[in-house]
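Commentary on secondary and tertiary structure
Single-letter residue listing:
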Amino acid sequence: MEFYDTIHDLVWDDVTRSIYEKTDTDVRRALSREMLTVEDFKALISPAAEPYLEQMAQLSRHYTQQRFGKVILLYIPMYLSNECSNHCIYCGFNHNNDIARKTLTDEEIMEEIKVIKSMGYDNVLLLTGEHPRAAGANYIEHAIRLCRDHFAAINLEVYPMKVEEYRRMNEAGCNSVYIYQETYNENRYKVYHPKGMKSNYKWRLGTPERVAQAGIHRVGMGALIGLEEWRTEMAYLAMHLKFMTKNYWKTKYSLSFPRMRPAAGGYQPNFLMSERQFAQALWAFRIFDHDVEISMSTRETSNMRDHFITLGVTSVSAGSHTDPGGYAHPDRELEQFHINDDRSPQAMEAMIRAQGYDVIYKDWDKTLR
Ligand code: SF4
């Protein structure tokens, strides 16, 4: 059975209603449990849990320190290409947006590697749009091979692939694949992804299963906040995480739920999530799953990132550029979106250490490949 089969009969609005109907008793029951159900998780993200945020923050800190220690992993994205055949209406790389397009050559990738290494990083996230001709599986596999002698950990955030292709990426040296569903609302999915390969909801939804089947060490999952009701997105994400940890227990999991940022095309979010609500979701996930990694990107403000270091996050990016070639030759015209926190890795590290936490630049070693 695939994850899709388990949610196919659910009605989005019913799930939303069931979250809003949670009571104070449901919240207190959830907070008293060591192992939570999805229903408990729904209670923690419901409005009824708002008076319990302080308690949730303390629990989140406790479980995070118990499982991960006082350590934050720093990672950095490297955009390989901004060419894309998809039409995601919220994205600056949308096929219809009239922006300069670029796919890095081998020499340009090596230039990026050099700059990123000089910043101290040993953990890189490679990103592309979805453009099989410009940046298909052969190109991405080759890019991993160019990076493998330079980084302890190589992670991918690219288009959904077949199991055989993920096996090739694994063989080349990829440690993790991050694939965000954007929205779990199947009826609304096509509104945001009207054309191109990404318009296939079911193919995208099944990607974490294919990544795990290919034996890749870690799968990153998440939703883009701003498209649909955030509480319902989080409930589906919790169901997805539960399904994956039960059926693919050898794989490690990471979550992210970035809030939408301004991008070329000027798309405005339909649903807003406040910083308090972001905190509620993050702490609910930590209490729901003590082992899951949670990352926070430079989309969020520096204030907010400072605040969450000790409260449940396990990895953060710093010094990021979202334009291909942006470390060696920054070009804002090529950006996917504008980042919020533009501090250097050194400034980020100093802030983390000032809070009594250690910083690591890798959580994997080349010899483990
Ligand atoms: S979100 Fe990804 S797939 Fe969609 S247009 Fe942007 S780069 Fe392409």
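Described in the following lines is the structure provided in the data block.

1. Side note on the overall build of the protein chain
Counting its secondary structure elements, the protein chain contains 16 helices and nine strands. Scaling as 2.2 N^0.38, a compact globule of 369 residues should have a C-alpha radius of gyration of about 21 Å, and the protein chain matches this with 20 Å. Overall, the C-alpha framework of the protein chain stretches about 60 × 45 × 40 Å when taken along its three principal axes. The burial tally for the protein chain puts 61% of its 369 residues in the buried class. Contacts in the protein chain between residues at least 24 apart in sequence constitute 75% of all its contacts with a sequence separation of at least 6. Approximately 15,100 Å² of the protein chain is accessible, and the part contributed by carbon and sulfur atoms is 49%.

2. A closer look at the pattern of salt bridges
Evaluation of the coordinates by the stated rule reveals 23 salt bridges. When the shortest N-O distance is used, the salt bridge between Arg-17 and Asp-14 registers 2.9 Å. In this pair, Arg-17 and Asp-14 both sit in helix α2 (residues 12-20), three residues apart, roughly one turn of the helix. Through salt bridges with shared partners, a single network forms among Arg-305, Asp-306, Asp-341 and Arg-343.

3. Let's talk about empty space enclosed by the protein
As enumerated under the stated definition, the model contains three cavities of 30 Å³ or more in all. Considering only enclosed or pocket space, the largest cavity measures out at about 890 Å³ in volume. For the lining of the largest cavity, the secondary-structure elements that each account for two or more residues are β1 (71-79), β2 (123-127), β3 (153-157), β6 (252-256), β7 (293-296) and β8 (315-317). For the lining of the largest cavity, the element with the most residues is β1, which contributes four residues.

4. Observations regarding the packing of α2 against helix α13 (residues 230-247)
Here α2 crosses α13 at 100 degrees, and the two axes come no closer than 9 Å. As judged from the angle between their axes, α2 and α13 are roughly perpendicular. Each of Trp-12, Val-15, Thr-16, Ile-19 and Tyr-20 in α2 lies in contact with α13, whose residues at this interface are Arg-231, Thr-232, Glu-233, Ala-235, Tyr-236 and Met-239.

5. Brief notes about the nonpolar core
Judged by nonpolar contacts, the single largest core of 108 residues is most densely connected at Leu-126, Met-234, Phe-285, Phe-308 and Ile-352. Examining the composition of this core, we find that 10 residues originate from one element, α13, more than from any other. Apart from residues no more than four positions distant in its own chain, Ile-352 is found in contact with Ile-72, Leu-74, Ile-309, Val-316, Tyr-357, Asp-358 and Val-359. Within the second largest apolar cluster, 17 residues are counted, among which are Tyr-79, Cys-88, Tyr-90 and Phe-337.

Definitions and cut-offs
Residues numbered from 1 in each chain as written. Predicted model: local features only at pLDDT ≥ 70, side-chain atom pairs only at ≥ 80, totals over all residues. Heavy atoms only, no water. Helix = DSSP H or I, 4+ residues; strand = E, 2+ residues; numbered from the N terminus. Rg over C-alpha atoms; globule rule 2.2 N^0.38 Å. Buried < 20%, exposed > 50% of the residue type's maximum accessible area, 1.4 Å probe, protein only. Contact = heavy atoms within 4.5 Å. Areas by Shrake-Rupley, 256 points an atom, 1.4 Å probe, with all protein chains shown as cover. Salt bridge = Lys/Arg side-chain N within 4 Å of Asp/Glu carboxyl O. 1 Å grid on protein atoms, 1.4 Å probe; cavity = no way out; pocket = protein on both sides within 12 Å on 5 of 7 lines; lining within 4 Å. Points joined across faces, edges and corners; volume = space filled by probe spheres on them. Axes fitted to C-alpha atoms, helices over the stretch in contact; angles between N-to-C directions. Parallel < 35°, antiparallel > 145°, perpendicular 65-115°, else oblique. Core = buried A, V, L, I, M, F, W, Y, C linked by side-chain atoms within 4.5 Å.

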